[in-house]
Amino acid sequence: MRGGASLKLLRLRHHLNFSLSWYLNVSLTSSSKHTLFVFWNTLWILIRMSKRKQPNLSQFGFTKQTKRSDDSAPATTSLPVIPSALPPLKVAASDSTSTEDSETLAPETTAVTCSGPGDHATPFNWTTKQWSEWRIRNTWLYSKNQKLGCTVCMEAKSLLLAERATGVHLSEEWMNGEVSSESQNNLRKKIYKHRDSLAHKRAVEISEMKEKDVLPNKVLEVNANLMQETATSFRSAYMVAKEKMAYRKLPAVMSLQKLNGANVGNVHKSDHACAEIIGHIASEMRAKFVSKIKELGSRISITIDESTVHGLAYMIIYVRCDMTGTGEVDNVFLDIVELSEGTDAESMYKSLRKSLRQAGLDDEFLGKNLICIATDGAAVLTGRVGGLVTKLKQDFPKVQSIHCLAHRLELAVKDSLKEVAGCNQFEFFISKLYALYNQSSKNARLLQEAATGLNMQILKIGQIFTIRWVASSFRTVKAVWNDYPALAHQFRTAMEDTSRCDTERQKFRGLHKLLTSTGFLADLACMKDVLRELQNLSLKLQRKQTSLVDASCHIQQTIDVLTAMKASGGKSTQKAEQRISTGLFKDVELIESRPKINRLQFNQSIINSLKKRLPEPDLVQMLKPLDKRFWPQQHSARILYGETEVRALAKTLGEPAREAVEEFRDFKLQNRAPGKTLVKLQTASLTYLPSSAECERGFSAVNSTDSKYRNKLREQSLSSLLFVDLNGPPLEQFDPLPFVSSWIKAGHRPSTSWVTGRKAKTEDPRPLWSLLI
C-alpha cells in the first residue's frame, strides 16, 4: 500500500513539476488570465487522472519526441494545445536554448473548446466541469438539446454504410445526437460502450484518413466493386435523362440490368434516387463548365427567352463561349428558371442575375467577360426605358444587345404580306385547305384514297404564315404543290358526290375552280420560289455555328438571289409558266385566270423588308476585318484596311488596342499566325450571337421533358434533366466514375449500402402468366 501510494505521489509530483515548468516558460506577451486558465485546468485534470491510472498524455495534446542520435538537444515533451481562440504561446525548449530556437505552438486540435455540431449545452444532470472533462477526454462528443452525439460517426456515416463487416453497425442515436439518460452512470456506460464499438473505431480511422486527405483514394482502391455497382446506377439514371423518361422508369431499368447479369447493388433503384443522381450529375457538370470558362477567362454571350409551360412561366438561359481554349465556341444550356414573381422586366432581370450567380458567374466575371445578349423582340426584353436588356446594360455597359435575326426575318415576311395585294387571298385559301383536312377525318381519308389511286404519296398540309418559322410555311406550300393532282381529283369527286348536300358540293366546286386556275398556279409557284430562299436563310440563321458575320453574309446573299429572280423568276415559276402555256399541270386541266399576286412587286417588297429589318449593324463592321473573305485583293488597299475597326473592337473588349493593331498587320500583310490579343478578338467575334433560336430549341426540349404526364416537375429537377439531356455526351461516351466519386465524397450512400425500410411490394401473380410463359 505504501509503495503504491508513493508511486502515485511521485507521478503527481512529476505532473505538477512539468505543468509548473511549462507555466514559467510561457511568453510574457500572452494574457495572464488565459495562461492561468490553461494552467489550472491542466493541473486539475492531472490530479484527477493520477488517482485512477497512469495518464495518457496524448489525450491532452502531449506528444513525446525522441532524443536525436547526436544528443545535441534534450528530449522534450510538447505542450497541451491551446484553444484556437487564444493567441499562440511561445515556449522555450530549455534554459540554454536561444530565442531563435523557440517554437510557436499552432493549435492542432480544439480539445478544450466544444467544436462540432449542436448547441454544446451541458447534458442533463451534468455540471459544466464534468462536461468539460468528458469533452477533453473524448473530443468526438457533442451535445444538442442536452443530449449527446458522436461527430466522427456522423461524418463517416455514408462511408460506413458501404461496409458489410460483422458488427460494424452505426447507432442512429449517436449519429443524430439523441443519446440521453437521467442517470449519470448509465450515460457514462453508454459513452464507454460506444467508444469501444467497432463502428466507432472504424469511424475514427476514417476521420483520421480524411484529415490526411487520403480517404478518397483509399475508398477508390478498397471499394472498386462498390464504385462499379454504383456506376451502374449512375449510368442507368443518365440514360433516363437522355431518353426523356420518367423517374419512375428507373426501377424497371435496374430490374432489367439485374436480370441481364449486371451487379446493381442494393439501393438507388427508386424514382427519388433517380432524381438525386441526375441532380448530382447536372450540378457537377455545370460546376465543371463554369470553372473551365472562368479559368480560361472566356468571353461569353447569353440568350434568354420566356414561355409558358403547363400554365407556369419559365425563362430559359443559354451561354455561348469558348470552353476549350482553341477558339471553338458552342451554345450551352445553363438553366431554366420559373418566373414565380412575375413576367415583368424587373422580376425577370432579378431571376436572371440570381441564376447566373448560383451557377458561379459572379458580377466581377460578368463585368469583364459578358459581351452580348440576344433576345427576341418582346417589349419586356428590348424596351428602351425599362426592358431587361436596358437594365443589364446599366450594370454592364460593355454588353452588346442583338435582336434575334431569325425573328426579324419573320417580321420582314409579315410586312411584305401586308403590303402586297393578293397575298391575303392566297393565305385564306391555304388555311381553308388546312381546316378541311385537319378537322375532318373523312376528307383526309378521301384525299389519301385519291393519292393512292394516282399512285402518289401526299404531304401533310399545315398552316401558313403563323407564329412558326418561315420554313413551316414553305413546307405547306410545297405540300400543296406536291398534292396538286390528288387535291384536284378529290375536289372533283366530292362536287359530283350525290350523297353530299348541295352546300358541300358547291363548296368543293368552288375549291376545284380556284385550285385549277392558272392564276392560282402562278401565285403558288411565286410563293414557293420566294419561301424556299427565305427558308434557307432562316435555317442558316438558326444554326449553332453561325456567327454574326456569317449571318450578315447569308442575308446579303439572299437579297442578291431575290433581286436576280425578279427578272427571270425562280425554278418553280419557270416550270409553272411552261405548264400554263400547255394548259395542263400534272395531268390536271387548267382554267385561264389572272394571278392575284404581282410577282415583281412581291419580290421587291421582300427585298425592301429584308434591308429594313435586317440592316448591317456597326458591330458587324468592326468584326469583318478579322475575316479574310473581306480583305481587299490589292496589297496597297490592304495596308491600312480594318485597323480602325480592330482598334475600336479592342477598346470595346478591354484589350490593348495598339498591340491588337500590330498583330493584325502581321496577320494580314505578312501572313503570320495571329498573336495572343488578336486570337482573343477572333474568338470574341465568334462568340457574338446572331439569334435566340437556341432558346426555341430549348423550349421544344422542355415540352418533351415536362410533358402532360409529368407536369409536376420542380424547377431544379427540370433544370437538371435539361442540362444532362441537352449538354451531356451520348450514353456510350458517358463515364460515371468521376460522378460516383464526388457523390460518395459528398456524403451520399453507394449502391452497395444495405436497404432500409420496408421492401417494395411485388405484383400478385396471375393465372394467365403460367400459360403465357
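Residues numbered from 1 in each chain as written. Predicted model: local features only at pLDDT ≥ 70, side-chain atom pairs only at ≥ 80, totals over all residues. Heavy atoms only, no water.

Caption draft 1: Seen up close, the side chain of Glu410. Structurally, Glu410 can be placed in helix α17 (residues 405-419). Look past the residues within four positions of Glu410 in its chain and what remains in contact with it is Arg468, Trp469, Val470 and Ser538. (Helix = DSSP H or I, 4+ residues; strand = E, 2+ residues; numbered from the N terminus. Contact = heavy atoms within 4.5 Å.)

Caption draft 2: Expanded view of the pattern of salt bridges. In this structure the tally under the stated criterion is 25 salt bridges. When the shortest N-O distance is used, the salt bridge between Asp627 and Arg629 registers 2.6 Å. According to the relative accessible area criterion, Arg629 is exposed, its value standing at 51%. The network of salt bridges with shared partners includes Glu643, Arg658, Glu662, Arg665 and Lys668. (Salt bridge = Lys/Arg side-chain N within 4 Å of Asp/Glu carboxyl O. Buried < 20%, exposed > 50% of the residue type's maximum accessible area, 1.4 Å probe, protein only.)

Caption draft 3: Layout of the state of the cysteines. Using the criterion set out here, one finds zero disulfides in the structure. With no disulfide of its own, Cys423 lies closest to Cys526 among cysteine sulfurs, the gap being 7.9 Å. Taking the relative accessible area as the measure of exposure, Cys423 reaches 1% and is therefore buried. (Disulfide = S-S within 2.5 Å.)

Caption draft 4: Fine view of the sheet that holds strand β9 (residues 400-403). As summarised here, the arrangement of the five strands in space is β7-β6-β5-β8-β9, forming an open sheet in which the pairing is mixed. Because the sheet does not close on itself, it has two edges, and the strands there are β7 (329-338) and β9. The mean inter-strand angle of the sheet, taken between neighbouring strand axes irrespective of direction, is 25 degrees. Pairing between strand β6 (residues 312-322) and β7: nine bridges, direction antiparallel. Paired with Cys321 across the bridge in β7 is Asp330. Each of β5 (300-309), β8 (370-375) and β9 is contacted by helix α16 (residues 388-395), which is oriented at about 175 degrees to β8, the strand it contacts most. (Pairing = 2+ DSSP bridges. Axes fitted to C-alpha atoms, helices over the stretch in contact; angles between N-to-C directions.)

Caption draft 5: Geometry of a nonpolar patch on the surface. Among the surface-exposed residues, Leu768, Trp769, Leu771, Leu772 and Ile773 lie close enough to one another that they form a single nonpolar patch of about 590 Å² accessible area. Considering the arrangement of structural elements, one finds Leu771 in helix α35 (residues 767-772). (Patch = residues over 30% accessible without salt bridge, like charges linked within 9 Å, V, L, I, M, F, W, Y side chains within 5 Å. Areas by Shrake-Rupley, 256 points an atom, 1.4 Å probe, with all protein chains shown as cover.)

Caption draft 6: Geometry of the packing of helix α12 (residues 271-296) against helix α34 (residues 737-745). Between α12 and α34, the shortest axis-to-axis distance is 10 Å and the interhelical angle comes to 105 degrees. Comparing their axes, α34 and α12 come out roughly perpendicular. Contacts between α12 and α34 involve Glu276, Ile277, His280, Ile281, Glu284, Met285 and Lys288 from the first element and Pro738, Phe739, Ser742 and Trp743 from the second. Residue classes in the contact of α12 with α34 are distributed as six nonpolar, two polar and three charged. (Parallel < 35°, antiparallel > 145°, perpendicular 65-115°, else oblique. Nonpolar A, V, L, I, M, F, W, Y, C, P; charged D, E, K, R; others polar.)

Read these as geometric descriptors, not functional statements.
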